[in-house]
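Per-entry structural report
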Amino acid sequence: MEQQNNISCIIVDDESIARDVIANHLSKINNIDIVASCGNAIDAFNYLNKHKIDLVFLDINMPEISGISFAKSINKDIKIIFTTAYRDYAVEGFELQAVDYLLKPISFNRLLQAVTAYFDTYTTANSTKATILEQHNFMFVRADRRMIKVDFASIQYIESYSDYIKIHLENETIVTRETISAIEAKLPSDAFLRIHRSFIIALKSITSFTNEEVTINKTSLTISRSYKKDVLKVLEKF
């Protein structure tokens, strides 16, 4: 039987949270190895000079050397998947023959689509393929200088305060320095729902809802106007 060779990749982004989100998604996919995680293009250059890499997950808006400049200067055999918060660079990104162009916050399904496109285009039919590992039912978050395991089943809702969030569990609340969009990308989309730019709810925890709010136990959470159409479409299926 032919031995499969895993794809080696690096993540390049000046935001550690963004790197963590991508790494978390990739941990669920077979046949792809994260061999380095770099906070800037210079560190990435130094790594590429010493190691053979197949694929780079690359932010665009970085200090000193942008992702676009970095992509133009590396070996063309190394493929790029851009990861950015800005739509403005999409045309230039594809002109560089990027595999894909992902807008933050990046969901698991969207990243899997990009990785699958890479495997379909740049590996042969009889070699490696992107396949999903068994899904985790938990995540780790940093709180009190530790990484704390949070079971998805114990989450009732998540509340945002700028760069901090409160994860409300059945018996406690965990506070962590992270954005709500980064946390949203780690959650299974079939079990959680963003109802407001400051709230994500666990569908199983809903006590009642109206067109204006969702109640979880005795806590009422507002459904914002920008999310209302999509939220009600989901809730009305129950």
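This text follows the structure it describes.
What you are looking at is a predicted structure, and each value in this text was computed from that prediction instead of being measured.

Conventions adopted
Residues numbered from 1 in each chain as written. Predicted model: local features only at pLDDT ≥ 70, side-chain atom pairs only at ≥ 80, totals over all residues. Heavy atoms only, no water. Axes fitted to C-alpha atoms, helices over the stretch in contact; angles between N-to-C directions. Helix = DSSP H or I, 4+ residues; strand = E, 2+ residues; numbered from the N terminus. Parallel < 35°, antiparallel > 145°, perpendicular 65-115°, else oblique. Left-handed = near helix turned anticlockwise from the far one by under 90°. Contact = heavy atoms within 4.5 Å. Nonpolar A, V, L, I, M, F, W, Y, C, P; charged D, E, K, R; others polar. Pairing = 2+ DSSP bridges.

Packing of helix α1 (residues 16-26) against helix α5 (residues 108-122) leaves a shortest axis separation of 10 Å and a crossing angle of 70°. In terms of their interaxial angle, α1 and α5 are classed as roughly perpendicular. Considering only the axes of α1 and α5, their crossing is right-handed. Contact with α1, carried on its side by Ile22, His25 and Leu26, involves Phe108, Leu111 and Val115 of α5 and no other residues of that element. When its residues are assigned to classes, the contact of α1 with α5 shows five nonpolar, one polar and no charged.

In spatial order, the strands read β2-β1-β3-β4-β5; together these five strands make up an open sheet with parallel pairing. Only two strands of the sheet have a single partner each, and these edge strands are β2 (32-38) and β5 (100-103). The mean inter-strand angle of the sheet, taken between neighbouring strand axes irrespective of direction, is 20°. Here four bridges tie strand β4 (residues 79-84) to β5, and the two strands are oriented parallel to one another. By the bridge assignment for β5, threonine 83 is matched with leucine 102. Sitting on the sheet, α5 touches β1 (7-12), β2, β3 (55-58), β4 and β5, and the angle it makes with β5 is about 175°.

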